[in-house]
Amino acid sequence: MKLSTEEIKFLQILADGRRKTYVHIVKGFGQPLTPMAPTFTNRIAKPLLKLKLIKKAGVLRDGYKITDKGLAALKK
């Protein structure tokens, strides 16, 4: 599986295993928090969700967590 640099960075931000919201993701990319932040996060997350490298997390499913498969892909 070939991941883009943005997708790898997304996985690295989630690598500690804790739930991260779009705020954490955008800050991890070093970008300012703007109204487009959720769109930016979702654009990168969608293919990772399909590959089951990440999953939605939290009570309201408002964050992301890395899966074991995602950690394995990150180590390659």
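The structure we're discussing is the one just above.
Analysis parameters
Residues numbered from 1 in each chain as written. Predicted model: local features only at pLDDT ≥ 70, side-chain atom pairs only at ≥ 80, totals over all residues. Heavy atoms only, no water. Pairing = 2+ DSSP bridges. Helix = DSSP H or I, 4+ residues; strand = E, 2+ residues; numbered from the N terminus. Buried < 20%, exposed > 50% of the residue type's maximum accessible area, 1.4 Å probe, protein only. Contact = heavy atoms within 4.5 Å. Axes fitted to C-alpha atoms, helices over the stretch in contact; angles between N-to-C directions. Parallel < 35°, antiparallel > 145°, perpendicular 65-115°, else oblique. Nonpolar A, V, L, I, M, F, W, Y, C, P; charged D, E, K, R; others polar.

S.K.: Go over the pairing of strand β1 (residues 54-57) with me, naming the residues and quoting the values.
M.R.: One face of the sheet, then the other: side chains in a regular strand alternate in exactly this way. As defined by bridge partners, β1 adjoins strand β2 (residues 63-66) across four bridges and the pair is classed as antiparallel. Note that in β2 the partner of Lys55 across the bridge is Lys65. Taking the residues that link successive antiparallel strands as the turn, the β1-β2 hairpin has five residues, and the phi of Gly58 there is positive, at about 100°.

S.K.: Go over the environment of Lys9 with me, naming the residues and quoting the values.
M.R.: If you trace the backbone, Lys9 turns up in helix α1 (residues 5-14). On the accessibility criterion, Lys9 (33% relative accessible area) is partly exposed. The spacing of Lys9 and Phe29 is 20 residues in sequence and 7.6 Å in space, taken between C-alpha atoms. Residues in contact with Lys9, not counting those within four places in the same chain, are Gly28 and Phe29.

S.K.: Account for unusual backbone geometry, with residues named and values stated.
M.R.: If you check the backbone angles, Lys52 has positive phi at about 60° while not being a glycine. Tracing the sequence through the fold places Lys52 in the loop between α3 (37-50) and β1. Its relative accessible area of 58% is what places Lys52 among the exposed residues.

S.K.: Kindly report on the packing of α1 against α3, identifying the contributing residues and their values.
M.R.: At their nearest, the axes of α1 and α3 sit 10 Å apart, and the two run at 90° to each other. Here α1 is positioned roughly perpendicular relative to α3, judged by the angle of their axes. On the side of α1, the interface is formed by Glu6, Glu7, Phe10 and Leu11, while α3 contributes Phe40, Thr41, Arg43, Ile44, Ala45, Pro47 and Leu48. Among the residues making up the contact of α1 with α3, the classes are represented as seven nonpolar, one polar and three charged.

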